Amino acid sequence: MFFSFFAELREAKVPVSLREYLTLMEAMQKRVAAFDIEDFYFLARTALVKDERHLDRFDRVFGHCFKGSETPADPQTAIPDQWLRKLAERFLTDEEKQLIEALGGWEQLMESLRQRLAEQRSRHQGGGKWIGTAGTSPFGAYGYNPEGVRVGQQGGRNRSAVKVWDRREFRNLDDTVELGTRNIKLALRRLRQFAREGAAEELDLGGTVKSTAHNAGWLDLKLVPERHNVVKLLLFLDVGGSMEDHVRVCEELFSATRSEFKHLIHFYFHNCIYESVWRDSRRRHVEQVPIIELIRTYDRSYRIVLVGDASMSPYEIEKEGGSVERWNDEPGEVWLRRLFEAYPRAVWLNPVPEKYWAGTTSIAMIRRIAENRMFPLTLDGLDRAMRRLKRRG
Amino acid sequence: MLRFEGTDTYVATQDLQVAVNAAIALERPLLVKGEPGTGKTILAHEIARGIAKDLITWHIKSTTKAQQGLYEYDAVSRLRDGQLGDERVHDIANYIVPGKLWEAFEAPEAPVLLIDEIDKADIEFPNDLLLELDRMEFYVYETRRTIRARHRPIVIITSNNEKELPDAFLRRCFFHYIRFPDRETMQRIIDVHFPGLKHELVHEALTIFYDTRQAPGLKKKPSTSELLDWIKLLLVEDISPEVLRTRDPAKLIPPLHGALLKNEEDVHLFERLAFLHRRERSGS
């Protein structure tokens, strides 16, 4: 019975499996939620959605699939018949009542009002206020002011006037939108890797038992080093120019990364990488770090993340002297390639939404240089980037 | 059938009730997520109280292994006993220490089992518990014995989202995301915790609280538990609603802000906002 709903969820990329569907059926059978669309919505949500990022998608699909089936809360039937009748009686003269009869009777009038309401509802899709202003309704002709007919506010049942799923409160948890510090942290955690290095100071129970057995029962203690996070990262942040808009996101990224890695060293650059980068953006002309020296200092086990919008004039990438900062003997492309060659595990994060990438020449160029390792700065993009960083080469 | 409808100290919204009741009825684990401080851990305590069951809590740390929840074989003390010639050493069962899951399985009446902050553990942790949570049984290799749950416990699992949980694990759970309470719900929560509080004070406090949450760029938004702490402080310090109401731009930072803002940078942010506000005033 709910299979089309299930299919639509899958289409909307909510990862539901048959197992979850069966769970929902089982719960329905056990009457966890019966005869109440709102309870059913909550139940379906708790059974089918397993990640808050998908809640918003679920809400959308639910709204679409069950539109119109939420009879009790539906505006059309929520018009209290008697109440309207009473109103009409109060306002209509006998003469007008006869007129109504002539027009096809009360029932037909109600029918047309219902239709009108339905139209109004679909025009104001998702809106919170409906009715109230049926100024052109046939009722106007009969002498009372429809302004007073505030249908939606009747009774406790209609507190759900804007249906729960139409409110879409989980919109900001969807992972295709941009992200906050916490989200970045979560994505970066994926990079955490543990290895045993350093002084042996943890008791290796398995090893001890084994070697004690070998030792004919005499205790032979074995120790292993503690597990540490070993991910080492070089972070290159683009500052200035077209990045102004994205500086906030980058700052967040930076503050989020600090605590996650064993070594995290950050550098700044402007638009594209040239022969040197700098550690402190205020003293960029004084304290520069040549790329060559950087490659010598940090070995291949470091991973690199470049954050920049890659939006510049193509000359800044492919021509000598293209840098907006100063004269460069070799084009930016050469330096970028050197960097990517020195660090096989590298990604470029781009705060510009992915759909605009095709429109900018320089983005396409850098993508080519980075061998498609450019990812958007969204949670989903970060995820893919981190997965890429875990791979070798 | 058992039904959970909140308790006198815990306000459960309708969606949360449905989720909990689904978990109880179908005897599946319920995974609870949400902003820190929205009452995830408390939920298990209140469920246990609400339906009058025992509560067994298993706090997960980064070093916790799934096996520790089932049982541990205390090899070291057996080794020592062996070397000392203790009689106990002949029976390996003496050295099997039951874990929290075992405890929950053996309970005479189905308890509420809280697995707190499951995301703190290793990534493989949830996978190691799949079968145990699904079939509610496990096998003790050392004694060749199968431990089966007498009654399936009501399992509540909380997560702070530090790690993503494996799909296979998620498929076996119900899921609920505790949304940050709206003003109306918050009012009910405060009523439950501080009955008889002056209406004005609550009103002013809530206004300030939601304003604070709205401030752009906050690192850690204050949550329910911080609000409750703050109100407690306001009561102790006997701060009147009038003080809260004076929107003196020079004092944009709420009184006793230490309970709400837990981050130095956030306090600075507020000071800066106050400063800007003042300058705007004098400028106009």
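Asker: So what exactly am I meant to see when it comes to the overall build of chain B here?
Answerer: Each helix and strand in chain B was counted, giving 13 helices and 9 strands. In chain B, buried positions account for 49% of the 284 residues. Taking contacts inside chain B between residues at least 6 apart in sequence as the whole, the part at least 24 apart equals 73%.

Asker: What am I meant to see in the overall build of chain A here?
Answerer: Counting its regular elements, chain A contains 18 helices and 9 strands. Split into buried and exposed, the 393 residues of chain A put 48% on the buried side. Residue pairs in contact within chain A that sit at least 24 positions apart in sequence constitute 71% of those at least 6 positions apart. Of the accessible surface of chain A, which amounts to about 20,500 Å², a share of 50% is contributed by carbon and sulfur atoms.

Asker: Looking at this model, I keep getting lost on the confidence of the model for chain A. Mind explaining?
Answerer: In low-pLDDT segments, the atomic positions of the prediction should not be examined closely. Residue and element names in this part refer to chain A. Summary statistics for chain A give a mean pLDDT of 70 and a share of 58% for residues scoring 70 or more. The weakest mean pLDDT in chain A belongs to helix α9 (residues 138-141) at 37; the strongest belongs to strand β9 (residues 374-376) at 89. Overall, residues 120-162 carries pLDDT values under 50, and its contacts beyond four positions in sequence, including any with other chains, amount to 66 contacts. Per-residue pLDDT stays below 50 along residues 175-179; that stretch engages in 18 contacts with residues further than four places along the chain or on separate chains.

Asker: Would you explain the pattern of salt bridges in this entry?
Answerer: Between side chains of opposite charge, a pair can form as their charged atoms come close. According to the stated counting rule, one finds 22 salt bridges over all chains in the structure shown. A salt bridge links Asp134(B) to Arg19(A); the shortest N-O distance between them is 3.2 Å. You can see Asp134(B) sitting in helix α7 (residues 130-135) and its partner Arg19(A) sitting in helix α2 (residues 18-29), one on each of two chains. For Arg19(A), a relative accessible area of 28% translates into the label partly exposed. Two residues, Glu117(B) and Lys120(B), come together in a salt bridge whose shortest N-O distance is 2.9 Å. Among the residues examined, Glu117(B) registers a relative accessible area of 25% and is labelled partly exposed. Overlapping salt bridges bring together Arg19(A), Asp134(B) and Arg172(B) as one network.

Asker: When you look at the side chain of Ser223(B) in this model, what are you seeing that I'm missing?
Answerer: All names here are of chain B. Along the polypeptide, Ser 223 turns up in the loop between α10 (199-214) and α11 (224-236). Relative accessible area serves as the criterion here: at 1%, Ser 223 is assigned to the buried category. Here Pro 36 takes part through its backbone oxygen, which lies 3.0 Å from a polar atom of the side chain of Ser 223. Contacts of Ser 223, omitting those with residues within four sequence positions, involve Pro 36, Gly 37, Phe 180, Phe 209 and Arg 213.

Asker: Explanation requested: the sheet that holds strand β1 (residues 30-34) of chain B in the structure shown.
Answerer: Within a sheet, neighbouring strands are paired by backbone hydrogen bonds and run either parallel or antiparallel to one another. All names here are of chain B. Taken together, 5 strands build an open sheet; the order of strands is β2-β5-β8-β1-β9 and the sheet is parallel. Single-partner strands in this sheet number two, and they are β2 (55-59) and β9 (174-178). When the angles between neighbouring strand axes are averaged without regard to direction, this sheet yields 20°. In the sheet, β1 pairs with β9 via 5 bridges, with the strands oriented parallel. Bridge pairing links Gly 34 to Ile 178 in β9.

Asker: Is there a simple way to explain the environment of Arg213(B) in this structure?
Answerer: Residues and elements named next belong to chain B. The residue Arg 213 is located in helix α10 in this model. For Arg 213, a relative accessible area of 11% translates into the label buried. Remark: the alpha-carbon pair of Arg 213 and Leu 260, spanning 47 residues in sequence, is separated by 9.6 Å. Ignoring any residue separated from it by four or fewer positions in sequence, one finds Arg 213 in contact with Glu 35, Phe 180, Lys 221, Pro 222 and Ser 223. Within the local environment of Arg 213, its side chain forms a polar contact with the backbone oxygen of Pro 222, the two atoms lying 2.9 Å apart.

Asker: What's the story with the nonpolar core in this structure? I'm lost.
Answerer: Nonpolar side chains tend to gather and get buried jointly when the protein is soluble and globular. Phe5(A), Phe58(A), Ile156(B) and Ile157(B) are the most contacted members of the largest nonpolar core, which has 83 residues in total. It is helix α1 (residues 14-26) of chain B that contributes the most residues to this core, 9 residues altogether. Contact partners of Phe58(A), with chain neighbours within four places excluded, come to Phe5(A), Leu9(A), Val14(A), Tyr41(A), Ala44(A), Arg45(A), Leu48(A) and Val49(A). Counting residues in each nonpolar core, the second largest holds 35 residues, with Val277(A), Ala310(A), Ile363(A) and Met374(A) among its members.

Asker: I keep staring at helix α16 (residues 332-342) of chain A and nothing clicks. Help me out?
Answerer: Residues three or four positions apart in an α-helix share a direction because the helix packs 3.6 residues into each turn. Buried within α16(A) we find Gly332(A), Glu333(A), Trp335(A), Leu336(A), Leu339(A), Phe340(A) and Ala342(A). Those residues of α16(A) hidden inside the fold are in contact with β3 (232-238), α14 (291-297), β7 (303-307), α15 (315-318), β8 (346-350) and α17 (361-369) of chain A.

Asker: Teacher, can you tell me more about the interface of chain B and chain A here?
Answerer: Interface size is commonly expressed as the accessible surface area that is lost when the partners come together. At the junction of the two partners, chain B supplies 35 residues and chain A supplies 39 residues. Here chain B packs against chain A, burying approximately 3,300 Å² in sum over the two surfaces, 51% of which is carbon and sulfur. Arg28(B) is the salt-bridge partner of Glu26(A), the closest N and O atoms lying 3.0 Å from each other. Counting across the interface, chain B meets chain A through 11 residue pairs in polar contact (both at pLDDT 80 or more). Those elements that place two or more of their residues in the side of chain B that touches chain A are α1, β1, α4 (75-84), α8 (167-171) and β9 of chain B. Top contributing element to the side of chain B that touches chain A by residue count: α1(B), with 8 residues. Along the lines of polarity and charge, the residues of the side of chain B that touches chain A split into 15 nonpolar, 7 polar and 13 charged.

Rules used throughout
Residues numbered from 1 in each chain as written. Chains lettered and ligands numbered in written order. Predicted model: local features only at pLDDT ≥ 70, side-chain atom pairs only at ≥ 80, totals over all residues. Heavy atoms only, no water. Helix = DSSP H or I, 4+ residues; strand = E, 2+ residues; numbered from the N terminus. Buried < 20%, exposed > 50% of the residue type's maximum accessible area, 1.4 Å probe, protein only. Contact = heavy atoms within 4.5 Å. Areas by Shrake-Rupley, 256 points an atom, 1.4 Å probe, with all protein chains shown as cover. pLDDT = per-residue confidence, 0-100. Salt bridge = Lys/Arg side-chain N within 4 Å of Asp/Glu carboxyl O. Polar contact = N/O pair within 3.5 Å; in protein donor to acceptor, adjacent residues only side chain to side chain. Pairing = 2+ DSSP bridges. Axes fitted to C-alpha atoms, helices over the stretch in contact; angles between N-to-C directions. Core = buried A, V, L, I, M, F, W, Y, C linked by side-chain atoms within 4.5 Å. Buried area = accessible area lost by both parts, 1.4 Å probe. Nonpolar A, V, L, I, M, F, W, Y, C, P; charged D, E, K, R; others polar.

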